[in-house]
Amino acid sequence: MAGTTKVPQSTTATDRPPTGELEIVPVRNYARWIAAVASVLALVGLIGSLAKNDNLHWDVVGDYLFADLIFDGLATTLWLTAAAMLLGLALGTLIAVMRLSSSPVLYGLANAFVWVFRGTPLLVQIIFWGYAAALYKYVKIGVPFTDITFFQAETNSLLTPAIAALLALGLNEAAYASEIVRAGIQSVDPGQAEAAHSLGMRPALTMRRIVLPQAMRVIIPPMGNETINMLKMTALVSVISAHDLMSNIQDVYAQNYQVIPMLVVASLWYLALVTLLSVPQAWLERRYGRGTTRAGHVSPLRRLLGGTVERLGKNSKEQNR
Amino acid sequence: MSTPMVRAEGVRKHFGSLEVLKGIDLTVERGQVCCLLGPSGSGKSTFLRCINHLERVDGGRLTVDGELVGYRQQGDKLYELREREVADRRRDIGMVFQRFNLFPHMTAVENVMEAPVKVAGVSRADAREHAHALLDQVGLGDRGHHYPAELSGGQQQRVAIARALAMKPKLMLFDEPTSALDPELVGDVLDVMRQLAADGMTMVVVTHEIGFAREVGDTAVFMDEGVVVEAGDPRRVLVDPEQERTRAFLSKVL
């Protein structure tokens, strides 16, 4: 060491030389640069070929992107997503509580529900609800084994394609949501409920004020995923013509045969909606992340813009140290 | 003559085939501090949890302020209480846990306010004022807006004490309140408990702090393997025990 580097007089030979006075040469990753350039070139090539491909018919995409028919379909897709998620979450929470119950009957019923609705394909369930009238022609509500009837209607008039779609998506979602909610409830330290009980809080109040708010932290990220999935799964209900976005897109290309451009229209809208959905998710995560040190500092806007801003933020924070 | 605050007669408890409490007899008079000591697994925490019915008593009689815990006696039958009735009786028994168990999604003040507002029906304004006074009392007047994760263990435990006091309990239960704390933080928590005892609060304390038991306790109870081995004046039990098991235990912890 001595002789090869110039050691300042104030330090002894055994001390490390202060880094500030010597130039630091970072490792140069040539392979990384080559890979980056190659993949950017490939991407540019792909986009270029798509843009120049006449079969894509960008004019058709433009014509239909903001068409009334598309907006009608979007509205159905949106309310169907929201309603099915609400139904799924409400029923799912109920089933989760049943599965945690000490009553073997409630536990068994909840298990059976999850078994059936998670164990059969969603597409089958959608078609099933769409054709439920073939199973029961009339819906009757009354006292069993008597002639007393409070309510009676034809199944077809009650179970419109939209309602059938809602039931199929909502019940299927409930099976998955119940597992997520159950995991969330079980993730809360039992000491929390004990502390609440020792303060004289009754079981229902403890669940509502202490356990569920903490379970939300675990529940929200997967439920966000479920919502995004749901938005896309609504496309399946086109098989029973529920007039969602995908149904209407299919109606159009059944007539003008412009399949690819219409699918581009659909994809653009689904992408846009999914992007928007990540904003409320981030907001909810911050809301229920209160009191935990990790959560609470990433704004929804930042989240929307994704990794780049976050990485910049992290760098600047590290520099501040 | 007034009824004792806690009276246990032959209290039994088992988890499956394991008998954890094998007939505990114990009396805690009003205004007294009773310290439960003993090796881990001796049943002292289980007994403490029986007092506010976090654990169900399987046999014997356990009363708090003259009322049976968890049961209602009619004739010669004991009827198990409904959960809401149990909850109502717990309102005036405060409990402090080894792991604090503060509600992490609420600030210190909100933790203290929760039960008075939601259980006792106190107005938010009154509850907030009382909560601030209680936090002052435990030396955390300036920490009210902090979340538990932003407080040290000792501070969290003092918030937990304030939270238990907010329901104006007639009895306070402490389950190894300083066992999860760094040594230098133990003193602050013990100071608060010392002050509480001086103010006349009836307390049952499961602890390994022999010094605290000797200084503050009115009775010391040494338990081992589900039975009370020795009980009495802590200055005798903890200094010159009669039983060999107590002596062996003390020689290990001191």
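Residues numbered from 1 in each chain as written. Chains lettered and ligands numbered in written order. Predicted model: local features only at pLDDT ≥ 70, side-chain atom pairs only at ≥ 80, totals over all residues. Heavy atoms only, no water.

## A few points about the overall build of chain A
Then, number 1: Along chain A, the regular secondary structure elements total 13 helices and two strands.
Then, number 2: Residue pairs in contact within chain A that sit at least 24 positions apart in sequence constitute 66% of those at least 6 positions apart.
Then, number 3: Put simply, chain A shows about 20100 Å² of open surface, and 64% of that area lies on carbon and sulfur atoms. (Helix = DSSP H or I, 4+ residues; strand = E, 2+ residues; numbered from the N terminus. Contact = heavy atoms within 4.5 Å. Areas by Shrake-Rupley, 256 points an atom, 1.4 Å probe, with all protein chains shown as cover.)

## Description of the confidence of the model for chain B
Then, number 1: Scored by pLDDT, chain B has a mean of 94; 100% of the residues are at 70 or more.
Then, number 2: Per the prediction output, this complex has pTM 0.78; the corresponding ipTM is 0.94. (pLDDT = per-residue confidence, 0-100.)

## Remarks on the packing of helix α5 (residues 122-130) of chain A against helix α7 (residues 161-187) of chain A
To describe two helices that pack against each other, one gives the angle between their axes and the distance between the axes.
Residue and element names in this part refer to chain A.
Then, number 1: Viewed as axis vectors pointing N to C, α5 and α7 meet at an angle of 145 degrees, and their least axial separation amounts to 8 Å. Crossing angle aside, the handedness with which α5 passes α7 is right-handed. From α5, Leu122, Gln125, Ile126, Trp129 and Gly130 reach across to α7, where they touch Ala164, Leu167, Ala168, Leu169, Leu171 and Asn172.
Then, number 2: Partitioning the contact of α5 with α7 into residue classes produces eight nonpolar, three polar and no charged. (Axes fitted to C-alpha atoms, helices over the stretch in contact; angles between N-to-C directions. Left-handed = near helix turned anticlockwise from the far one by under 90°. Nonpolar A, V, L, I, M, F, W, Y, C, P; charged D, E, K, R; others polar.)

## Here's the deal with the packing of α7(A) against helix α9 (residues 203-233) of chain A
Residues and elements named next belong to chain A.
Then, number 1: The geometry of α7 relative to α9 is characterised by a closest axis approach of 8 Å and an angle of 145 degrees between their N-to-C directions. Judged by the sense of rotation from one axis to the other, the crossing of α7 with α9 is right-handed. Residues Leu169, Glu173, Tyr176, Ala177, Ile180, Val181, Gly184, Ile185 and Ser187 of α7 form the contact with α9, whose participating residues are Met207, Val211, Leu212, Ala215, Val218, Ile219, Pro222, Met223, Glu226, Met230 and Met233.
Then, number 2: Along the lines of polarity and charge, the residues of the contact of α7 with α9 split into 16 nonpolar, two polar and two charged.

## Details of the environment of Phe71(A)
Residue and element names in this part refer to chain A.
Then, number 1: Here Phe71 lies in helix α3 (residues 68-99).
Then, number 2: In this structure the C-alpha to C-alpha distance between Phe71 and Trp269, which are 198 residues apart in sequence, comes to 9.9 Å.
Then, number 3: In this structure Phe71 touches Phe66 and Trp269, once residues within four positions along its chain are discounted.

## Details of a nonpolar patch on the surface
Then, number 1: A cluster of nonpolar side chains, namely Ile141(A), Val143(A), Ile148(A), Phe150(A), Phe151(A) and Leu158(A), defines an oily patch on the protein surface of about 560 Å² accessible area.
Then, number 2: If you trace the backbone, Phe151(A) turns up in strand β2 (residues 149-154). (Patch = residues over 30% accessible without salt bridge, like charges linked within 9 Å, V, L, I, M, F, W, Y side chains within 5 Å. Salt bridge = Lys/Arg side-chain N within 4 Å of Asp/Glu carboxyl O.)

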